[in-house]
Amino acid sequence: MEVIVPFSTDRPKSRLSDALSPDERSAFARAMLDDVLDAVAAAGGEPRVLATDAVDVDRPVTVDDRPLTAAVNAALDARLGADGDERDADGPPEPVAVVMADLALATPDAVERLFAAGRDADVAVAPGRGGGTNAFVASHPEFRVDYHGASYLDHRDIAAEVGASFAAVDSHRLGTDVDEPDDLAEVLIHGEGRAAAWLREAGFALDASEGRVAVVRE
Ligand SMILES: Nc1nc2c(ncn2[C@@H]2O[C@H](COP(=O)(O)OP(=O)(O)OP(=O)(O)O)[C@@H](O)[C@H]2O)c(=O)[nH]1
Ligand SMILES: C[C@H](OP(=O)(O)O)C(=O)O
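Figured I'd write up the structure that's included with this text. Just so it is clear, the structure is predicted and the values come from calculations on it, not from any experiment.

### What about the overall build of the protein?
Along the protein, the regular secondary structure elements total seven helices and nine strands. Here the C-alpha atoms of the protein give a radius of gyration of 17 Å, agreeing with the 17 Å that 2.2 N^0.38 yields for 218 residues. Taken over the C-alpha atoms alone, the protein extends approximately 60 × 35 × 30 Å along its principal axes. Among the 218 residues that make up the protein, the fraction classed as buried is 50%. Contacts in the protein between residues far apart in sequence, at least 24 positions, make up 59% of those at least 6 positions apart. Counting only carbon and sulfur atoms, one obtains 45% of the accessible surface of the protein, whose full area is about 10400 Å². Within the protein, the 43 negative side-chain charges are centred at a point lying 2 Å from the centre of the 20 positive side-chain charges.

### Description of the nonpolar core
Judged by nonpolar contacts, the single largest core of 52 residues is most densely connected at Leu33, Val49, Leu103, Phe136, Phe143 and Leu174. Setting aside residues up to four positions removed in sequence, leucine 33 forms contacts with Val5, Phe7, Val49, Val55, Val57 and Ala101.

### Things to note about the site of ligand 1
The full set close to ligand 1 counts 15 residues, and Ser8, Ser14, Arg15, Leu50 and Ala101 are the nearest of them. For ligand 1, an oxygen atom lies 2.8 Å from a polar atom in the backbone of serine 8. At 3.2 Å, a backbone N or O of leucine 68 approaches an oxygen atom of ligand 1. Burial of ligand 1 by the protein chains amounts to 83% of its free accessible area of 610 Å². Taken together, the residues that form the shell around ligand 1 break down as seven nonpolar, three polar and five charged.

### What about the environment of valine 57?
Mapping valine 57 onto the fold places it in the loop between strand E2 (46-51) and strand E3 (61-63). For valine 57, a relative accessible area of 13% corresponds to the buried category. Separated by 23 residues in sequence, valine 57 and aspartate 34 place their C-alpha atoms 8.3 Å apart. With near-sequence residues (within four places) excluded, valine 57 lies in contact with Arg30, Leu33, Asp34, Leu37 and Val49.

### What to know about the sheet that holds strand E5 (residues 123-127)
Here we have seven strands laid out as an open sheet, ordered E3-E2-E1-E4-E6-E5-E7, and mixed in their pairing. Pairing within the sheet leaves two strands with one partner each, and these edge strands are E3 and strand E7 (166-168). The mean inter-strand angle of the sheet, taken between neighbouring strand axes irrespective of direction, is 20 degrees. Taken together, the three bridges between E5 and E7 define a ladder with parallel strand orientation. Following the sheet pairing, valine 125 is matched in E7 by alanine 168. On top of the sheet, helix H3 (residues 108-120) reaches strand E1 (2-7), strand E4 (96-99), E5 and strand E6 (133-138); it is set at about 45 degrees to E6, its chief contact. Most of the contacts of helix H4 (residues 151-161) go to E7, to which it runs at about 155 degrees, and overall it touches E5, E6 and E7.

### Observations concerning the pattern of salt bridges
Applying the stated criterion across every chain, the model contains 14 salt bridges. For aspartate 102, the salt bridge goes to lysine 13, with nearest N and O atoms at 2.9 Å. Of this pair, aspartate 102 sits in the loop between E4 and H3 while lysine 13 sits in the loop between E1 and helix H1 (22-42), placing them 89 residues apart in sequence. Residues aspartate 102 and lysine 13 agree in their burial class; the two are buried.

### Side note on the side chain of serine 171
Looking at the element boundaries, serine 171 is found in the loop between E7 and helix H5 (172-175). Apart from the residues lying within four places of it in its own chain, the contact partners of serine 171 are Ala110 and Arg113.

### Some points on helix H2 (residues 68-80)
Taking 1.5 Å of rise per residue, the 13 residues of H2 would be expected to cover 18 Å, and the 18 Å separating its terminal C-alpha atoms lies within 8% of that figure. Ala71, Val72, Asn73, Ala75, Leu76, Ala78, Arg79 and Leu80 are the residues of H2 that are buried. Looking at the buried side of H2, the elements it contacts are E1, E2, E4 and E6.

### Some words on a negative patch on the surface
A surface patch of negative charge is lined by Asp146, Asp154, Asp157 and Glu161. With respect to the secondary-structure elements, aspartate 146 resides in the loop between E6 and H4.

Reading the values: the criteria
Residues numbered from 1 in each chain as written. Chains lettered and ligands numbered in written order. Predicted model: local features only at pLDDT ≥ 70, side-chain atom pairs only at ≥ 80, totals over all residues. Heavy atoms only, no water. Helix = DSSP H or I, 4+ residues; strand = E, 2+ residues; numbered from the N terminus. Rg over C-alpha atoms; globule rule 2.2 N^0.38 Å. Buried < 20%, exposed > 50% of the residue type's maximum accessible area, 1.4 Å probe, protein only. Contact = heavy atoms within 4.5 Å. Areas by Shrake-Rupley, 256 points an atom, 1.4 Å probe, with all protein chains shown as cover. Lys, Arg positive; Asp, Glu negative; His and termini not counted. Charge placed at Lys NZ, Arg CZ, Asp CG, Glu CD. Core = buried A, V, L, I, M, F, W, Y, C linked by side-chain atoms within 4.5 Å. Near = heavy atom within 4 Å. Polar contact = N/O pair within 3.5 Å; in protein donor to acceptor, adjacent residues only side chain to side chain. Nonpolar A, V, L, I, M, F, W, Y, C, P; charged D, E, K, R; others polar. Pairing = 2+ DSSP bridges. Axes fitted to C-alpha atoms, helices over the stretch in contact; angles between N-to-C directions. Salt bridge = Lys/Arg side-chain N within 4 Å of Asp/Glu carboxyl O. Expected span 1.5 Å × (residues − 1). Patch = residues over 30% accessible without salt bridge, like charges linked within 9 Å, V, L, I, M, F, W, Y side chains within 5 Å.

All we've got here are geometric facts, nothing functional implied.
See below:
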């Protein structure tokens, strides 16, 4: 299955600016991207980076500088839609997945569970904490995205509007997108890849001294 991995090269992860400098945010975002690409490939997916600008990765890349929703919908048009010219118009569309590049806890098992849900439903979504859409698989020709805000709810509604069956994918690993400084604790607790290693090398450690576990930088 082709798996589109959106990646913003332009000032990535701005909500981490209290914890990381611009260069550090770029390096950390890149470490998370590499973790996601490896997890997708190990789960049997074929990752393709959908980037706002050129990015030096050892995977196929599409550069599209439009905003996220427009770029992803253009990719879905090509793979699912009636207007698409890349797919075989004789059969139903092959499923396509979209997995965000900031899922630092993604593992092959978690991605396989997403793929499995996409075999049982026309649209299967792994929501993020806070109501976003961290990953989905779609095989319905009319499903399109509308990101930002409570996009999980919007995508559930869009699936209903086009008559697509819908499933939620209950996954802690896919549900944890790394947006804000508190999310770094999740990476240190559960991460197994480059992003967790990058944080440790940058001096981050867990601080369990009071309340919810947080991170401190040595
Ligand atoms: N291709 C593409 N990917 C994007 C765009 N904006 C965000 N992304 C990617 O989409 C995923 C979710 O991004 P967000 O968490 O909403 O935004 P972000 O830019 O990573 O971080 P913030 O600046 O803190 O909002 C990440 O993998 C981003 O790299 C965009 O305009 N185009
Ligand atoms: C892309 C967006 O991500 P968030 O802004 O929730 O991190 C969404 O999931 O709709």
